[in-house]
Amino acid sequence: MKKEKTPLLRNGAVQSLLASLLCILIGLLLGYIALLLINPAGAGEAILTIVKNFMTYSRTTAQLKYLGSTLVKTAPLLMCSLSILFAYKVGLFNIGAAGQYVVGAGACLYCALGLHLPWYLCFVAAVLAGALLGAVSGMLKAYCNVNEVISCIMLNWISLYSVNTLLTKVKEETSPYTYTLSSTSPEAILPSLGLGGLFSKNQYVTIAVPLSVIAAVLVWVLLEKTKLGYELKATGCNKFAAKYCGMREKKNLILTMAIAGALAGMGAAMLFLTGFEQWQCTQSAVPAMGFNGIAAAFLGGLSPIGAIFSSYFIQHITNGGAYVDKTMYSAQISDFISALIIYLCGFVLFFKVALNRWLNRRDEKKGGGGK
Amino acid sequence: MEENYAIEMLNITKRFPGIVANDNITLQLKKGEIHALLGENGAGKSTLMSVLFGLYQPEEGSIRKNGQPVSIRDPNDANALGIGMVHQHFKLVECFTVLDNIIMGVEPCKYGFLQKAEAREKVLALSEKYGLKVDPDALVEDITVGMQQRTEILKMLYRENEILIFDEPTAVLTPQEINELMQIMRNLSAEGKSILFISHKLGEIMAVANRCSVLRKGKYMGTVSIAETSQEELSRMMVGRDVSFAVEKAPAKPGEVVLDVKGMTVASKRHNNNAVKDVSFQVRRGEIVCIAGIDGNGQTELVYGLTGLEPLKAGTLTLNGQDITRAPIRKRSVSGMSHIPEDRHKHGLVLDYTLEDNMVLQRYFEHHFVTPAGFLKRRAIREYAVGLIEQYDVRSGQGPVTPARSMSGGNQQKAIIAREIDKDPELLIAVQPTRGLDVGAIEYIHKQIVAQRDAGKGVLLVSLELDEVMNVSDRILVMCEGEIVGEFDPKKVTVEELGLYMAGAKREGAAS
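Report follows, based on the coordinates.

1. Focus: the packing of helix α5 (residues 119-144) of chain A against helix α12 (residues 249-272) of chain A
Two quantities define a packed helix pair, namely the angle between the axes and the distance from one axis to the other. All names here are of chain A. α12 packs onto α5 with a crossing angle of 150 degrees between their chain directions and a minimal axis gap of 6 Å. One way to sum up the angle between α5 and α12 is to call them roughly antiparallel. For the crossing formed where α5 meets α12, the hand is right-handed. For the contact of α5 with α12, the per-class residue count stands at 16 nonpolar, six polar and two charged.

2. Some words on the pattern of salt bridges
Residue and element names in this part refer to chain B. This structure, assessed with the given rule, holds 34 salt bridges over all chains. One salt bridge in this structure joins Arg 363 and Asp 422, with 3.4 Å as the shortest N-O distance. Of the two residues, Arg 363 sits in the loop between α12 (355-359) and α13 (378-391) while Asp 422 sits in helix α14 (residues 409-422), which places them 59 residues apart along the sequence. Three or more residues are tied together by salt bridges with common partners; here these are Lys 249, Arg 453, Asp 454 and Asp 474.

3. Thoughts on unusual backbone geometry
Not every positive phi belongs to a glycine, and A:Asn145 is a case in point at roughly 60 degrees. The topology assignment puts A:Asn145 in the loop between α5 and α6 (148-167). Despite not being glycine, B:Asp424 has its phi angle at roughly 55 degrees, a positive value. As for its placement among the helices and strands, B:Asp424 is situated in the loop between α14 and β19 (427-431).

4. Describing a nonpolar patch on the surface
Residues and elements named next belong to chain A. A contiguous nonpolar patch, built from Leu 29, Leu 30, Ile 33, Leu 37 and Ile 38 and spanning about 490 Å² of accessible area, is present on the exposed surface. Relative to the assigned elements, Ile 33 resides in helix α1 (residues 12-38). Its relative accessible area of 38% is what places Ile 33 among the partly exposed residues.

5. So, the sheet that holds strand β21 (residues 475-480) of chain B
Residues and elements named next belong to chain B. The six strands are arranged β18-β19-β20-β15-β21-β22 in an open sheet whose pairing can be described as mixed. Sheet topology places β18 (337-340) and β22 (483-488) at the edges, where each strand pairs with a single neighbour. The mean inter-strand angle of the sheet, taken between neighbouring strand axes irrespective of direction, is 20 degrees.

Conventions and cut-offs
- Residues numbered from 1 in each chain as written.
- Chains lettered and ligands numbered in written order.
- Predicted model: local features only at pLDDT ≥ 70, side-chain atom pairs only at ≥ 80, totals over all residues.
- Heavy atoms only, no water.
- Axes fitted to C-alpha atoms, helices over the stretch in contact; angles between N-to-C directions.
- Helix = DSSP H or I, 4+ residues; strand = E, 2+ residues; numbered from the N terminus.
- Parallel < 35°, antiparallel > 145°, perpendicular 65-115°, else oblique.
- Left-handed = near helix turned anticlockwise from the far one by under 90°.
- Nonpolar A, V, L, I, M, F, W, Y, C, P; charged D, E, K, R; others polar.
- Salt bridge = Lys/Arg side-chain N within 4 Å of Asp/Glu carboxyl O.
- Patch = residues over 30% accessible without salt bridge, like charges linked within 9 Å, V, L, I, M, F, W, Y side chains within 5 Å.
- Areas by Shrake-Rupley, 256 points an atom, 1.4 Å probe, with all protein chains shown as cover.
- Buried < 20%, exposed > 50% of the residue type's maximum accessible area, 1.4 Å probe, protein only.
- Pairing = 2+ DSSP bridges.

Put into structure tokens, the structure is as follows:
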């Protein structure tokens, strides 16, 4: 057997990168066309604003500050996308990341505002709550053969209303929002370790940002380098073979969902324990963070490292949309454009398949002409 | 004089990157003849058939029907020309009835409503004419493999196909069913149908075919008339060297008992009855015990019960003096049980894993391959896999990092056998280890199994192939309807005798 070098275009990572970039380009193009249709006068400027995001500010300090804000929201998105891609690698579709994120938020906010616990306990509570909810879906799948998508969707709603009920206890009397962390329990705010200083004193930039990147690396190590990852992936790829070689496939299923849930729950702690957002106890829609995680996971080519960049990009676009000239376009335009791009992200796998098919056809045309 | 050919494939050449799958191959099928196409796995039989069905376009060569050049761009063109095929893996809808499967795609309709009564008449008439016994109203999932195959044949006849291709049709049948199929094929050819019979079983080709074309490594080796050839000549044409059909082995020297099964009962997943009923037997060191039987008579469940994939309803299992009746799968495996599974894609391999990751599937947790902290020792895994690949001659495109999915069936099986034998088991359970493999690979695997026996291991071989049963085993247990109905010495029993026991026509009175 002669060893052959795989052509660059055949390399999986390169393919993912190309496909992701293509999705982004098409998404931006479609967004631009939509803007043109609504109001041709400002379309070019608006799309530039979205791409530039914090760069629209001329002062460096302001730029840094708003870059910080984007990063603050990137951390939870990255955790949600890790949750989804981790489960996906093990053959499960964790659409429940949204619900696990919700219970994570409920647990950490209640521990902070109701019980006045320090930040690390609140953080652990969020992780455990997410893991527990994930494990429920895992158990339903393992023992009752309930499809995880069904159980997750139902659990998403159960979680939302349970958390709304729980957090009503720590709600401001005159508004639907929970108390602010800084006024009620400052000890629950994640430490910044001077990171805020780097971003023009943006107090919301905390250890959550580097922590989420570390989590991505850990997920990669877990999946690619460890015995546990080997077992979990084997179970996901072929549960019969996993059983045949003596792996406990039921345990593995539950463990996978628990880890995925823990990641999403941690994501919630990374946002709500910064004090950046308060929980609105009357909300009747599951927060989009968990669902956007799906887009981020796919845009990142289902790689934990790719997810770091894709999560940032999606958050960048979403935040950038806020700066679009509201006199020309309605306030929802930013959501619309980012939704378009996120929607296109789902096509990453499609483009990879198409690319491979094209390469195959090219090779076949070459025929016996050589390798 | 111009001969009367139903279909001709002339000088077909099909290239793939790096390989010539079909190199100037000519295949001429006469009207009303049974023409065998013989070749090992990878010889180019499938590619040639894909060309005939329009799935591939050849670089060179032409196809003619009744002397007229035709162009086959896709399978619909092939259907229109009256070419039909019974695939090795049947293409039936399990939850449909036989009748529904037969008419699928060509349903007789009136105003959008199905006219099943008419179709039923036609199917019954056809099955009468050709001696194809089927129950048109039975669900496909409930009928035997043989009847499923007859359903496939009826599908072709219903479409009034003239050229019938059988792809390895006997792989899944019992000796009696094989005889029936041969008769059906003769009936079909007597009625003027032209049959192309793809096989690598020489005995069957000798029994039923008129002529035989042989392929080897993509090249056309020639066409011979069966009346003027012998099995030995055919096999030399196919493999390129002499192959020994008989497995060479010394007499067995059975030692102590390694597996003791008492009163084993396993529930069935298909029906309420038990699949394995109160079965008791022993396997000793240094002997090959073979479970023979028709597919679906409890052999699968027996193996599941032994290996721990299914729980026992009753009975005890003792491995090497250790009670393993309730032991989990991993415990049985590390206590010295190796299992070459029946379905290598379902159980034997994680197809999306690389070859090296599949090689350590039974050992990845040993401290040789994993650190105490739970990290895989990639270098140790690579070295181990490379060692096995060399020792057992497992061939693949990219060595240890080849995705298992992209390997040929024979090499996948070799990989599993390497993995299971290298575990150094006390008991080797091999279920249909040579299913779907070519002569060369079968010879190799049989040698490995005998070597295990000679090394003092106990071997339990479950096989549906009577040739294998007779050649390899030291002792034969026949299973029928979940029970062991007889025990035989392969030297003192005939295939016909075994067949009667397998079909349930005879059974040993008080024995076992």
